[in-house]
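# Survey of secondary and tertiary structure
Residues per chain, in single letters:
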Amino acid sequence: MTPIERAWRGSRNDWRLHLLSIFSVAVAFVCLASAVLVVVNVHGIRTRWAETGRASVFLKPDATPEQIDQIQKALRATPGVTDVRHVSSEDARRELTSQKGDDVLGALPAEAFPASLEVRVADEAAVERVGKLASQLQALPAVESVETYQSWSERLGTLLRGGVTASIVLALVVLGAVVSVVSSTIRLALQRRRIEVEILKLVGATDSYVRRPFVLEGAAQGGIGAAAALALLAVLYGIVRGNFDSELGVMLGMAPTFLPWFVCAGMVLLGGLLGAAAAYGSLRRLLLV
């Protein structure tokens, strides 16, 4: 009988014990996968904002149409600038009130909303070009201020670093949880099959021969638990994605994304390796019959 067949027979006989172990592993991996999912989406937003050159040039209230027209022509003639859109005070008021639906904002006069020029720059070297444009535009007499949104990218970078740190801590917790759960399960399974193991050793079976099916069972528990966690997370992600506001996606520059396939494959592989290592380590001391 091959080790896989022996592992399948043992798992089938102790299916309740193995199911409980898989459930515990899945709970641990759900926590880790959720943290990684948040980090992936924050990284995507930060990358999108960093690569998409965009600037809002807020104009002074006394800026004349001639000055605004000259700035627009100069911007359109600038290499790398792909689009320049003039947003008047009335347009800004209309856009904001339509998004917010706030009666207080709607009651404000158009003068309360600054006019602006929305500038977009080609993705290549966008950060450098936007920064140079901002410094040049800031010196013009008709310009009140220039917003390049780099501060938001820096804040997202800080949040991303915190998320990565939290994910590393969770990974260590998951490692400990998986090793503990699988080790306990394999030890219990070995105790239940102690007579079978003793008979095998009496007829000359080596420790390696006895150990193989238990290691396969541990790997299966870790891998299946990780896969179940990803499946549950995918269902939760689908619910969130189905109720995601499209306007929020436009504002963020991207819609939520799920974990890349290689991350999912890596988590399943990690679960299997941790389960196999935990089973192997727990049996090294127990097979001294």
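Please read all numbers here as calculations on a predicted model, not as lab measurements. (Residues numbered from 1 in each chain as written. Predicted model: local features only at pLDDT ≥ 70, side-chain atom pairs only at ≥ 80, totals over all residues. Heavy atoms only, no water.)

### Regarding the overall build of the protein chain
- Of regular secondary structure, the protein chain possesses 11 helices and 4 strands.
- Partitioning the contacts of the protein chain with sequence separation of at least 6, the portion at a separation of at least 24 is 83%.
- Of the roughly 16500 Å² of accessible surface on the protein chain, 64% is carried by carbon and sulfur atoms. (Helix = DSSP H or I, 4+ residues; strand = E, 2+ residues; numbered from the N terminus. Contact = heavy atoms within 4.5 Å. Areas by Shrake-Rupley, 256 points an atom, 1.4 Å probe, with all protein chains shown as cover.)

### Describing empty space enclosed by the protein
- Per the stated rule, a full pass over the model turns up 2 cavities of 30 Å³ or more.
- Looking at the largest cavity, its volume works out to about 70 Å³.
- Taken together, Arg 6, Arg 193, Glu 196, Val 197, Leu 200, Val 210, Pro 213 and Phe 214 make up the lining of the largest cavity.
- At the level of secondary structure, the elements contributing two or more residues to the lining of the largest cavity comprise helix H8 (194–202) and helix H9 (207–242).
- Residues belonging to the lining of the largest cavity are distributed by class as follows: 5 nonpolar, no polar and 3 charged. (1 Å grid on protein atoms, 1.4 Å probe; cavity = no way out; pocket = protein on both sides within 12 Å on 5 of 7 lines; lining within 4 Å. Points joined across faces, edges and corners; volume = space filled by probe spheres on them. Nonpolar A, V, L, I, M, F, W, Y, C, P; charged D, E, K, R; others polar.)

### Examining helix H1 (residues 3–13)
- Among the residues of H1, those classed as buried are Arg 6, Ala 7, Gly 10 and Ser 11. The buried residues of H1 occupy one face: seen down the axis, they fall within an arc of 130 degrees. For H1, the exposed residues set more than 90 degrees away from the buried face come down to Ile 4, Trp 8 and Asn 13. (Buried < 20%, exposed > 50% of the residue type's maximum accessible area, 1.4 Å probe, protein only. Arc of directions from axis to C-beta.)

### Points about the pattern of salt bridges
- Per the stated rule, a full pass over the model turns up 1 salt bridge.
- Here Lys 73 makes a salt bridge to Asp 69, at a shortest N to O gap of 3.3 Å. With Lys 73 and Asp 69 both in helix H3 (residues 65–76), this residue pair falls 4 residues apart, about one helical turn.
- Look at Asp 69 and you get partly exposed, because its relative accessible area is 34%. (Salt bridge = Lys/Arg side-chain N within 4 Å of Asp/Glu carboxyl O.)

### Notes on the packing of H8 against H9
- Contact geometry of H8 with H9 gives a least axis separation of 9 Å together with a crossing angle of 150 degrees. What the angle tells us is that H8 and H9 run roughly antiparallel. The two elements H8 and H9 meet at a crossing, and its hand is right-handed. For the pair H8 and H9, the contacting residues are Val 197, Leu 200 and Lys 201 in the first and Asp 207, Tyr 209, Val 210 and Phe 214 in the second.
- In terms of residue class, the contact of H8 with H9 is made up of 5 nonpolar, no polar and 2 charged. (Axes fitted to C-alpha atoms, helices over the stretch in contact; angles between N-to-C directions. Parallel < 35°, antiparallel > 145°, perpendicular 65-115°, else oblique. Left-handed = near helix turned anticlockwise from the far one by under 90°.)

### Digging into H3
- The terminal C-alpha atoms of H3 lie 16 Å apart, and with 12 residues this matches the ideal 16 Å at 1.5 Å per residue to within 8%.
- Residues Ile 68, Ile 71, Gln 72 and Leu 75 constitute the buried set of H3. One side of H3 holds all its buried residues, which, seen down the axis, span an arc of 100 degrees. Within H3, the exposed residues directed more than 90 degrees away from the buried face are Glu 66, Gln 70 and Lys 73. (Expected span 1.5 Å × (residues − 1).)

### Examining the environment of Ala 220
- With respect to the element layout, Ala 220 can be found in helix H9.
- Spatially, the C-alpha atom of Ala 220 lies 9.9 Å from that of Val 268, the residues being 48 residues apart in sequence.

### As for the packing of aromatic side chains
- Within the structure shown, the criterion is met by 2 aromatic pairs.
- With a centroid separation of 5.3 Å and an interplanar angle of 50 degrees, the aromatic rings of Tyr 237 and Phe 258 are classed as tilted. Residue Tyr 237 is found in helix H9, and its partner Phe 258 is found in the loop between helix H10 (246–252) and helix H11 (261–286); the two are separated by 21 residues along the sequence.
- Ring centres 6.0 Å apart and planes at 85 degrees place the aromatic pair Trp 261 and Phe 262 in the edge-to-face group.
- Judged by relative accessible area, Trp 261 falls into the exposed class, the value being 69%. (Phe/Tyr/Trp six-rings, centres within 6.5 Å; stacked < 30°, edge-to-face > 60°.)

### What about a nonpolar patch on the surface?
- Residues Ile 195, Ile 199, Leu 202 and Val 203 make up a contiguous nonpolar surface patch of roughly 490 Å² in combined accessible area.
- Residue Leu 202 is classed as exposed on the basis of its relative accessible area, which comes to 75%. (Patch = residues over 30% accessible without salt bridge, like charges linked within 9 Å, V, L, I, M, F, W, Y side chains within 5 Å.)

### Comments concerning the confidence of the model for the protein chain
- Looking at the protein chain, the pLDDT average stands at 77 and 78% of residues meet or exceed 70.
- Element-level mean pLDDT values for the protein chain span from 53 in helix H5 (residues 103–107) up to 88 in H9. (pLDDT = per-residue confidence, 0-100.)

### Here's the deal with the pairing of strand E3 (residues 116–121)
- With respect to burial, E3 is a largely interior element, 5 of its 6 residues being buried.
- As paired strands, strand E2 (residues 81–87) and E3 are joined by 6 bridges and run antiparallel to one another. Residue Arg 85 lies in a different strand from E3, and its bridge partner there is Glu 118. (Pairing = 2+ DSSP bridges.)

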